[in-house]
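# Summary of the model geometry
Listed below, chain by chain, are the residues.
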Amino acid sequence: MLLSVFCLFIAVVFVQFIYYIVVFGKFSFTKAQAAAPKRIPISVIVCAKNEEENVRKLIPLLVDQNYPQFEIVLIDDASADNTLEVFEEFEKLHSDIKLVKVENNEAFWGNKKYALTLGIKAAKYEYLLFTDADCIPASKEWITNMSSQFTQEKTIVLGYGAYEKIGGSFLNKIIRFETLLSATQYFSWAKLGKPYMGVGRNLAYKREEFFKVRGFMDHMKIRSGDDDLFINQAAEAKNTTICYLPDSFTYSKPKTSFKDWFTQKRRHVSTAKHYKLFDQNQLAIFYVSQLLFLLLSILLLVFQFQWIAVLSIIGFRYIFAWITMGFAAGKLKEKDVMYWFPIIEIILIFTQLNIFITNTFNKPVHWK
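Residues numbered from 1 in each chain as written. Predicted model: local features only at pLDDT ≥ 70, side-chain atom pairs only at ≥ 80, totals over all residues. Heavy atoms only, no water.

## Structural notes on the sheet that holds strand E7 (residues 161-163)
For the record, the criterion: Two strands are said to pair when DSSP picks up at least two bridges between them. The secondary structure listing takes helices from DSSP runs of H or I that are at least 4 residues long and strands from runs of E that are at least 2 residues long, numbered from the N terminus. Axis lines are fitted to C-alpha atoms, over the contacting stretch for helices. Their N-to-C directions set the angle, which ranges from 0 to 180 degrees.
With mixed pairing, the 3 strands of this open sheet are ordered in space as E5-E10-E7. Looking at the sheet topology across the chains shown, the edges are occupied by strand E5 (135-137) and E7. Between one strand axis and the next, the sheet turns through 35 degrees on average, direction left out of account. Across 3 bridges, E5 lies against strand E10 (residues 250-252) in antiparallel orientation. The residue of E10 that forms the bridge with Ile136 is Tyr251.

## Regarding the nonpolar core
Among soluble globular proteins, nonpolar side chains are generally buried collectively. Rules: We call a set of buried Ala, Val, Leu, Ile, Met, Phe, Trp, Tyr and Cys residues a nonpolar core when their side-chain atoms join them within 4.5 Å. Relative accessibility under 20% of the residue-type maximum defines a buried residue, over 50% an exposed one, and the middle range a partly exposed one, all with a 1.4 Å probe and only protein chains included. Throughout, a residue-residue contact means that at least one pair of heavy atoms, one from each residue, lies within 4.5 Å.
In this structure, Phe9, Phe177, Leu180, Phe187 and Tyr205 are the most contacted members of the largest nonpolar core, which totals 78 residues. When residues in this core are grouped by element, the largest group, 11 residues, is from helix H7 (residues 170-191). Setting aside residues no more than four positions away along its own chain, Phe177 makes contact with Met325, Val337, Met338, Phe341, Ile344 and Leu348. By size, the runner-up hydrophobic cluster in this structure holds 28 residues, among which are Ile97, Tyr127, Leu129 and Leu245.

## A few points about the pattern of salt bridges
This is how it is decided: Throughout this description, the term salt bridge denotes a Lys or Arg side-chain nitrogen within 4 Å of a carboxyl oxygen of Asp or Glu.
Inspection of every chain in the model, using the stated rule, returns 17 salt bridges. In this structure, the salt-bridge partner of Arg56 is Glu89, at a minimum N-O distance of 3.6 Å. Within this pair, whereas Arg56 is found in helix H3 (residues 52-63), its partner Glu89 is found in helix H4 (residues 83-93), the two being separated by 33 residues in sequence. Given a relative accessible area of 40%, Glu89 falls into the partly exposed group. Ionic pairing is found between Arg207 and Glu126, a salt bridge with its closest N-O pair at 2.8 Å. Taken as a pair, Arg207 in helix H8 (residues 207-212) and Glu126 in the loop between helix H5 (112-122) and strand E4 (127-132) lie far apart in primary sequence, 81 residues in all. The exposure class of Arg207 is buried, given its relative accessible area of 9%. Several salt bridges converge on common partners, so that one network encompasses Lys165, Arg176, Glu334 and Asp336.

## Brief notes about the environment of Leu118
Secondary-structure assignment places Leu118 in helix H5. Apart from the residues lying within four places of it in its own chain, the contact partners of Leu118 are Val100 and Val102.

## As for the sheet that holds strand E1 (residues 42-48)
Taken together, 7 strands build an open sheet; the order of strands is E3-E2-E1-E4-E8-E6-E9 and the sheet is mixed. Two strands lie at the open edges of the sheet, namely strand E3 (97-102) and strand E9 (240-242), each paired on one side alone. Between one strand and the next, the sheet's axes are offset by a mean angle of 20 degrees, whatever the strand orientation. Of the strand pairs in this sheet, strand E2 (residues 70-77) and E3 are connected by 6 bridges, and their pairing is parallel. Across the sheet, residue Leu74 finds its bridge partner in E3, namely Leu99. Lying on the sheet, H3 is in contact with E1, E2, E3 and E4; it crosses E2 at an angle near 165 degrees. Taken strand by strand, H5 contacts E1, E2, E3, E4 and strand E8 (203-206), and its axis lies near 145 degrees from that of E3.

Here it is in structure tokens:
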């Protein structure tokens, strides 16, 4: 019996090796990215619902971008606070700001995808760059860096949406490590020619890609997924690239309570069941291998079966995982979270299991 468990344990570690070294290594071990600045006109699109304070901070940073030709499309999704009034103030001050006012539609009430569709149609330029109202660009070169990765063939650019650091907060380290791991996954699969998701906090694509797949129509009734479900449908090896230049990042305020973060993750995870079958399977295999590695390690050590060999394999697994994620963390400016890697990983494994069980019995709440 324990011999069979040990053989399964070795197989699980082998699967983990394939993921970390072969798959994730495609991003982690790649060389530093170079910018090739373009001068294509860009429409920056921001959709906001009840984000009065955040947009007051964001819009000046967008206006101040160092880029020759761009407009800012501000979408007010039927806000109940003063978001619309703030948008109107900035619209009067800047000729390159376009305001889209969305009223609740009976068929699409409270649906961010409907609001985004109106904004995309209203945009003046063909190349679109998206961020959220609670984000800020890393620098004045954000548009320059994200647009630099467009080519005639590459018309979808996946960017990195980071979270701000909060000193002394262990939850903040968990959130940023989970974001790092997620980005390493979708960047790596994109480089392997199998892009499956992106984040609306930092995403760019040519408008023709939106209309090729009829926009959000195939998943309009699914409240979340304006970013990852769209990318899962529209992105291919030939049309998709990534951008990990440090000045291309955006930063959001992270949740400050585990309950709020857990609710947010439930919403994000709920869209994965609508991915293509290959993408669902590769994500499931990776997670199951993580869970089995932890459980089988504990089981074998408790029964002291080949404990020296087991400890050696555990050490080997943590070394290659730590190295791979360490290189990725260096590229994405998240090195400090790697000091806590083993502990955070264990927490995330059981958090993911909790999310799966919770989402099975209760549907998560979506757009505001």
